[in-house]
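# Overview (structure and organization)
Each chain is listed here by its residues.
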Amino acid sequence: MDSIRIQGGIALQGKVRIQGSKNASLPILAATLLVGERSFIRNCPRIADVHSMVSLLKSLGCSVCWQETGIAIDSSKVRRGEMPEDAVTGMRSSLCLLGALIGRCSEVVMEHPGGCVIGERPIDLHLYALGQMGVEFAEESGRLRAEASRLHGAYIRLPFPSVGATENVILAGVMAEGDTVLEGAALEPEILTLCRFLENCGACIEGVGTGRLVIRGGRRLYGTDFTVPADRIVAGTYLFGCMGAGGCVLLEQAPIEEMYAVMDLAVQMGGKVYTSPEGICVQAPVRPDPVRVSTKPYPGFPTDLQSVVLAVETVGRGCSYIEEGIFENRFRILGDLCKMGAQLRQRDSRNVTVRGVASLHGACVEAKELRGGAALVVAGLMAQGETFVRGCAYIYRGYENICRDFRELGARVTSV
Ligand code: EPZ
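Along each chain, residue indices are assigned from 1 in the same order as the chain's sequence is written. With pLDDT at 70 or above as the cut-off, local features in this predicted model cover only qualifying residues; side-chain atom pairs require 80 or more to be listed or tallied, and sums for whole chains, interfaces and linings still use all residues. Based on all heavy atoms of the structure, the side-chain values leave hydrogens and waters out of the count.

## Remarks on the sheet that holds strand β8 (residues 143-147)
Ordered in space as β6-β8-β7, the three strands form an open sheet in which the pairing is antiparallel. On the outer flanks of this sheet lie β6 (107-111) and β7 (136-140), each paired with one strand and no other. Taken over all neighbouring pairs, the strand axes of this sheet differ in orientation by 20° on average, direction set aside. Inspection of the sheet shows β7 paired to β8 by five bridges, in the antiparallel sense. Pairing of Glu-139 across the sheet is with Leu-144, part of β8. Any two strands are treated as partners once DSSP identifies two or more bridges connecting them. The helix count covers DSSP runs of H or I at least four residues long, the strand count covers runs of E at least two residues long, and both are numbered beginning at the N terminus. Only the contacting stretch of a helix is used when fitting its axis, a line to C-alpha atoms as for every element, and angles between N-to-C directions run 0 to 180 degrees.

This is the structure:
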């Protein structure tokens, strides 16, 4: 079942419940290593990246039990910080285990977390920041060894608000001797959620939600019962899916407070967006208006929704200009969209011009990474005729069941 078949040209109607957040869940799962007892994480999405993270936690000695409403993790028996070779490569989010583990075990050995097709994905900011806290790094037959005889607080200034580096400093900082001041911290909602989880466990973090965090170290942490918020990127994917395919949908439980830039862009594209205690309702225009959009660190427009906006604007009422401000190679779906009749011109590695056409036609296309794959599914919903999207394992890394969700909105989508 590595492909998805889509019968396009059907406007979406109805409501869909948004799954728990992948990018909030992963650092929280890593953080359960810090408490040394049982935690229960509700609304944790059942996606491939979470299952990979769970395998890693088990390999480190955690006991894990999925239940109907969430996942129980007991890290009381964790003793060592060595991760199996095949478990880490290719899953960037394993990197946040580094910050958690170094706080628990003074030595960590792991594969270099995978780069991927969207970019080199360097880890220099992680190494710099943790190095300031007393962590020493060495290469060891292709693996990364981190040691901290004494993990201590530090004053750290990040030159770029890296989400992962911010998470690693927070995870190490709560276990360090003394306090850590982090300037230039990422502002993404997933950082705020991680801090809330750690505060529930007994940590003390000041400045949460701002770019300057003060992480008080050395406090005893306790297991907790925590609910992961809905996934803003999944909600945005389905919102723009409706903008492209047409219709009117309700995104139940969508995290409204985290999606202002997303809703603003949908309105610029001619959509009508309403919020209520139930979530976000979006009414699509007949054809999207063209836009100029640049992806930026939060609260700017999120890079993870760049591909789906690009796909939608292929049938826009004019020329759109898309600038990718975060990753250096995040236009991997251009060729596939052109196979479907799109008119696109890549000006350089960061800029694409989209000339809207009346409609796309179905084709056989291939996902090469998570968010581009989801964007190809949206393009299939928009296209006249049948589209096959291959390589869907990428999509299942972040979407619990994209076929089921779009079917609930009236689309004809099946995994084959
Ligand atoms: C997180 O990745 C997300 N992943 C990404 O979502 C998201 O696109 C990204 O943040 C930006 O919002 C998870 O949370 C698991 P960064 P992360 O460190 O932490 C450069 C998805 O589809 N950089 O903020 O890796 C880096 O190359 C994924 O769900 C360095 O140069 O993002 C990139 O250009 C994709 N050196 C930029 O910063 C470093 O040491 C942003 O990276 C670290 C990063």
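This is not the end of the story, as more comes after the structure.
## Examining the pairing of strand β14 (residues 247-252)
In summary, the side chains of a regular strand alternate between the two faces of the sheet. Bridging between strand β2 (residues 12-17) and β14 involves six bridges; their strand directions are parallel. Bridge pairing in β14 links Val-16 to Leu-251. Two elements, β14 and strand β16 (residues 279-283), share five bridges in a ladder whose sense is antiparallel. Each bridged residue has a counterpart across the sheet, and for Val-249 the counterpart in β16 is Val-282.

## Quick look at the pattern of salt bridges
Just to be clear on terms, a salt bridge is a Lys or Arg side-chain nitrogen sitting within 4 Å of an Asp or Glu carboxyl oxygen. In total, this model carries 18 salt bridges according to the counting rule given. Note that Arg-220 and Glu-37 form a salt bridge whose closest N and O atoms lie 3.6 Å from each other. Residue Arg-220 is located in the loop between β12 (212-216) and β13 (225-227), and its partner Glu-37 is located in the loop between α1 (22-31) and β3 (38-42); the two are separated by 183 residues in the primary sequence. Here Glu-37 falls in the partly exposed class, since its relative accessible area comes to 26%. The residue Asp-49 makes a salt bridge to Arg-397 at a minimum N-O spacing of 2.8 Å. Taken together, the residues span a long stretch of sequence, with Asp-49 in helix α2 (residues 48-59) and Arg-397 in the loop between α13 (393-396) and α14 (402-408) at a distance of 348 residues. Residue Arg-397 is classed as partly exposed on the basis of its relative accessible area, which comes to 24%. Connected through shared salt-bridge partners, Lys-22, Asp-49 and Arg-397 make up one network. The cut-offs for exposure are 20% and 50% of the maximum accessible area for each residue type, with area from a 1.4 Å probe on protein chains only; residues under the lower value are buried, those over the upper are exposed, and the others partly exposed.

## Observations regarding the packing of aromatic side chains
Paired rings are identified among Phe, Tyr and Trp, the last through its six-membered ring, by centres lying within 6.5 Å, and are further divided according to the angle between planes into stacked (under 30 degrees), edge-to-face (over 60) and tilted (the rest). Under the criterion given, the structure shown has four aromatic pairs. Ring geometry for Phe-197 against Phe-226: centres 5.5 Å apart, planes inclined by 85°, an arrangement best described as edge-to-face. Of this pair, Phe-197 sits in helix α7 (residues 189-200) while Phe-226 sits in strand β13; the two residues are 29 residues apart in sequence, bridging distant segments of the chain. Overall, the relative accessible area of 0% leaves Phe-197 in the buried class. Relative to Phe-301, the ring of Phe-240 has its centre 6.1 Å away and its plane inclined at 65°; by these criteria the two rings are edge-to-face. Remark: Phe-301 occurs in the loop between β17 (292-294) and α10 (306-312) and Phe-240 occurs in helix α8 (residues 232-245); sequence separation between them is 61 residues.

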